[in-house]
Amino acid sequence: MPELPEVETIVRQLAPRLEGHRVRRARLAKTDVLRRVSKPRLLKTITGNAFEEVSRRAKHAVLRLASGHRLVIQPRMTGSLVVYDRPLTKEQSRYAVLTCVLEDGRVFVYRDVRRLGTVWLLDEPGWAAYTARIGPEPLDETFTPFVFAERLSGTRTAVKKAIMDQRRVAGIGNIYANEALFEAGIDPSKRTDKLSLEEFARLHAAVLSVLERAVASAGTTVREGRFQFELKVYGRGGERCVRCGKKLVTTHTIDLRATTFCPRCQR
Ligand SMILES: [Zn+2]
């Protein structure tokens, strides 16, 4: 499941290869991935347009075009974004959803085997509304412990649920929420309004540390998104806590997703 670090890795690899390049022609194989745009309008907007900036917002890749439009792609579980140096082989084009032939002959492809991902095309006001609905980016310098505490204030829900709420903070998914709460030594089911300032600070540091390590390891080990990251709790229910040796517990009662924690270290 691509979370923030995987999408960040994809975007960092894509940016130098796409930025400044114009699309000669575009093709869309399937329309079920489209959001807020029809196939004819998507192809008309992309063709002849240039990619100006490739960045990430939450778990989405954002491709800003010279026209000011944003092509927002959320690759989800089975999607990938790749630039090929030469025309695609039959095998390579098999699950290609969106194919953009660049002016220099290279080919940018959004491929998605099961098409769980989405493609949005937003104009400037559409983008402004879209990005305003999402919380601040945890890896931005402006994301201080104070900002974090402020974004989480006024809620009584479980802290795990609160930090995964994209309107409060961008890009924290289930894997990294589990890992950050373990690192901070905080019970995932603890009511958010019961967290002390010191706990907010610890959780803030843990979120940053977990995300930064995941970005760093993904950036060095993969080309297409599978990260190698030492998971200490996620997916390890029933195994021993790496810190104290107690058996890790998995519960689905907090948000229906798998939450794994150490009942001793995260009290
Ligand atoms: Zn423990």
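Procedures and definitions
- Residues numbered from 1 in each chain as written.
- Predicted model: local features only at pLDDT ≥ 70, side-chain atom pairs only at ≥ 80, totals over all residues.
- Heavy atoms only, no water.
- Donors = N, O, S within 2.8 Å, 3.2 Å for Na, K, Ca; no water.
- Tetrahedral: all angles 85-135°; square planar, octahedral: opposite > 155°, others 65-115°.
- Helix = DSSP H or I, 4+ residues; strand = E, 2+ residues; numbered from the N terminus.
- Buried < 20%, exposed > 50% of the residue type's maximum accessible area, 1.4 Å probe, protein only.
- Core = buried A, V, L, I, M, F, W, Y, C linked by side-chain atoms within 4.5 Å.
- Pairing = 2+ DSSP bridges.
- Axes fitted to C-alpha atoms, helices over the stretch in contact; angles between N-to-C directions.

A. Region of interest: the coordination of the zinc ion. The protein atoms donating to the zinc ion are Cys 241 (SG), Cys 244 (SG), Cys 262 (SG) and Cys 265 (SG), with metal-donor distances spanning 2.3 Å. With four donor atoms in place around the zinc ion and angles of 102 to 113° between them, the coordination shape is tetrahedral. Sequence positions of the donors to the zinc ion reduce to the motif C-x2-C-x17-C-x2-C. Separated by 24 residues along the polypeptide, Cys 241 in the loop between helix 7 (197–221) and strand 10 (249–251) and Cys 265 in the segment after strand 11 (259–261) bring together distant segments of the chain. Residue Cys 241 is classed as buried on the basis of its relative accessible area, which comes to 5%.

B. Here's a closer look at the nonpolar core. Leu 18, Leu 42, Phe 51, Leu 71 and Phe 108 are the most contacted members of the largest nonpolar core, which has 32 residues in total. For this core, the element with the highest residue contribution is helix 1 (residues 4–18), accounting for six residues. With 28 residues, the next largest nonpolar core counts Val 159, Ile 163, Met 164 and Ala 180 among its residues.

C. Quick peek at the pairing of strand 4 (residues 60–65). For strand 4, the tally of buried residues reaches five of six residues, placing the bulk of the element in the interior. The antiparallel hairpin formed by strand 3 (residues 51–57) and strand 4 contains two residues in its connecting segment, where Ala 58 sits at a positive phi of about 50°. Taking the residues that link successive antiparallel strands as the turn, the strand 4-strand 5 (residues 70–74) hairpin has four residues, and the phi of Gly 68 there is positive, at about 95°.

D. Structural detail: the sheet that holds strand 8 (residues 107–112). Taken together, the four strands give an open sheet; going across it, the order is 1-7-8-6, and neighbouring strands pair in antiparallel fashion. For this open sheet the edge positions go to strand 1 (23–28) and strand 6 (79–84), each flanked by a neighbour on one side alone. Across the sheet, the mean angle separating the axes of adjacent strands is 10° when strand polarity is ignored. Bridge count for strand 6 against strand 8 is six bridges, and the pairing is antiparallel. When the bridges of strand 8 are listed, Gly 79 appears paired with Asp 112.

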